[in-house]
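Examining the three-dimensional arrangement
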Amino acid sequence: MKTRELGRTGIQVSPYCLGTMMFGQVGNPDPDDCVRIIHRALDSGINFVDTADVYGPHGVSEEIVGKALKGRRDDIVLATKVNGAMGEDPNRGGSSRRWIVTEVEHSLRRLRTDHIDLYQIHHPDPRTDIEETLSALTDLVRSGKVRAIGSSNLPASEIVEAQWVADRRGLQRFRTEQPTYSLLNRGIEREILPVCQRYGMGTLVWSPLAMGLLTGRYRKGGPPTRNARMNWVPRHLTDERKLDAVERLIPLAEEAGLSLTHLAMAFAITHPGVTSAIIGPRTMEHLDDLLAGATVTLDDEVLDRIDRIVAPGTDIGPLDVSYTPPAVERTALRRRPADERAAVTR
């Protein structure tokens, strides 16, 4: 695979990044098989691996990755994430200095390495001052334990705020962002990708297959599917608007001589603001199919037809697991107190 620049870090990465969320009990419970999948990906030219402390769950994915990279670590750009809850204790998660400097040691141990190439904040943390987070991450970079830092799922305004804080306080700045992006969820084209391009940030997009909707497995009017993913993101997988779009995308892919999966992956890495698309195979067959489409490129006619099905910069409904800002999620932040509302009408 030809490599791309990861923002302005000087690091070169493959346009496909191997995601490891499905390695462990939540996906593939056979660690040896997971190691074989990782090795197949590396042998095929992928040099970028993304994991997280919560995957597996609770570190199992990192342990599998650490085992797989033995003897190959120096040739791989290794990314992991911190922020998710790693226990019932409320301080075993989040983006505080206390947790970040503790958890990075756990990740290093599980990954069997002395440094992480890209350490990412997994989710926004409204409870923690961004300066607190960047200060802790800066110390990790200066200590050599981390090479670069990134964010994930940040709204555009918070990406800008983090860049400004880093500049004004002399701290390391986020070099990458990891948002969701697919044929069905193109909202990041409106603000997030342009903001990342403006600040020279690399972008790793997750779920380019829309949590499985773009594999052709879920069809409108088809038999009901019962699996763990349906329990995890039921609204997404049963959204009539998304299923309608899938039904229009399938014949488009067929006319282009492609599978829907290959169309979706080629689309995800076409945008100039996208560095890598994260693939998350659970089995060797899944990986082989994804790799078979790695050389596919889409011409303007196909891209124009995609734009007519899903307009640029739009999402066909949110993902169940997408980040919802407190201003939207919390009712109290959207409504004045009842006594204030009543006073207006008096």
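So, a few notes on the structure that sits alongside this text. (Residues numbered from 1 in each chain as written. Predicted model: local features only at pLDDT ≥ 70, side-chain atom pairs only at ≥ 80, totals over all residues. Heavy atoms only, no water.)

1. Focus: the overall build of the protein chain
A count of helical and extended segments in the protein chain gives 15 helices and 10 strands. In terms of C-alpha radius of gyration, the protein chain reaches 20 Å, essentially the compact-globule figure of 20 Å for 346 residues. In terms of overall dimensions, the protein chain has a C-alpha envelope of 70 × 55 × 40 Å along the principal axes. Every one of the 346 residues in the protein chain was classed for burial, and the buried ones make up 54%. A fraction of 78% describes how many contacts in the protein chain between residues 6 or more apart in sequence connect residues 24 or more apart. For the protein chain, the accessible area works out to roughly 16200 Å², and carbon and sulfur atoms hold 48% of it. In the protein chain, 45 positive and 47 negative side-chain charges are present, and the distance between their average locations comes to 3 Å. (Helix = DSSP H or I, 4+ residues; strand = E, 2+ residues; numbered from the N terminus. Rg over C-alpha atoms; globule rule 2.2 N^0.38 Å. Buried < 20%, exposed > 50% of the residue type's maximum accessible area, 1.4 Å probe, protein only. Contact = heavy atoms within 4.5 Å. Areas by Shrake-Rupley, 256 points an atom, 1.4 Å probe, with all protein chains shown as cover. Lys, Arg positive; Asp, Glu negative; His and termini not counted. Charge placed at Lys NZ, Arg CZ, Asp CG, Glu CD.)

2. Quick notes on the pattern of salt bridges
Scanning the entire structure with this criterion turns up 20 salt bridges. Where E105 meets K145, a salt bridge forms, and the shortest distance between an N and an O atom there is 2.3 Å. Residue E105 is found in helix α4 (residues 97-111), and its partner K145 is found in the loop between α5 (130-143) and β7 (146-152); the two are separated by 40 residues along the sequence. According to the relative accessible area criterion, E105 is partly exposed, its value standing at 34%. Overall, K145 belongs to the partly exposed group, its relative accessible area being 28%. Residues D239 and R241 are paired through a salt bridge, measuring 3.0 Å at the closest nitrogen-oxygen approach. Note on D239: relative accessible area 12%, which makes it buried. Through salt bridges with shared partners, one network takes in E62, E103 and R110. (Salt bridge = Lys/Arg side-chain N within 4 Å of Asp/Glu carboxyl O.)

3. Comments concerning helix α11 (residues 260-268)
The α-helix winds at 3.6 residues per turn, so residues separated by three or four positions along the chain end up facing the same way. With 9 of its 9 residues buried, α11 lies for the most part within the structure. Every buried residue of α11 is listed here: L260, T261, H262, L263, A264, M265, A266, F267 and A268. Summarising the contacts, the buried residues of α11 are in contact with β3 (16-19), α10 (240-255), β10 (276-279), α12 (284-292) and α13 (300-309).

4. Section: helix α6 (residues 156-169)
Taking 1.5 Å as the rise per residue, α6 with 14 residues should run 20 Å; its terminal C-alpha atoms sit 20 Å apart, in good agreement. Burial in α6 covers these residues: A156, I159, A162, Q163, V165 and A166. The elements touched by buried residues of α6 are α5, β8 (176-178) and α7 (192-198). (Expected span 1.5 Å × (residues − 1).)

5. A look at the sheet that holds strand β6 (residues 116-121)
As summarised here, the arrangement of the 8 strands in space is β3-β4-β5-β6-β7-β8-β9-β10, forming a closed barrel in which the pairing is parallel. Strand-to-strand, the axes of this sheet are offset by a mean angle of 30 degrees, without reference to chain direction. With 2 bridges connecting them, β8 and strand β9 (residues 202-205) associate as parallel partners. Bridged to T176 within β9 is G202. (Pairing = 2+ DSSP bridges. Axes fitted to C-alpha atoms, helices over the stretch in contact; angles between N-to-C directions.)

6. As for the pairing of β10
Two faces, one strand: in a regular strand the side chains alternate between the faces of the sheet. In β10, alternate side chains face the same way, and those of S276 and I278 on one face and A277 and I279 on the other are all buried. The pairing of β3 with β10 spans 3 bridges and is parallel. Its bridge partner lying in β10, L18 is registered against I279. Both β9 and β10 contribute to a ladder of 2 bridges, which runs parallel. Residue pairing across strands places L204 opposite S276, the latter belonging to β10.

7. A few points about the side chain of N28
Assignment of secondary structure puts N28 in the loop between β3 and α1 (31-43). The buried category is assigned to N28, whose relative accessible area is 8%. At 3.0 Å, the side chain of N28 forms a polar contact with the backbone nitrogen of D30. Each residue touching N28, except ones within four places of it in the same chain, is listed here: M22, F23, D33, C34, I37 and R282. (Polar contact = N/O pair within 3.5 Å; in protein donor to acceptor, adjacent residues only side chain to side chain.)

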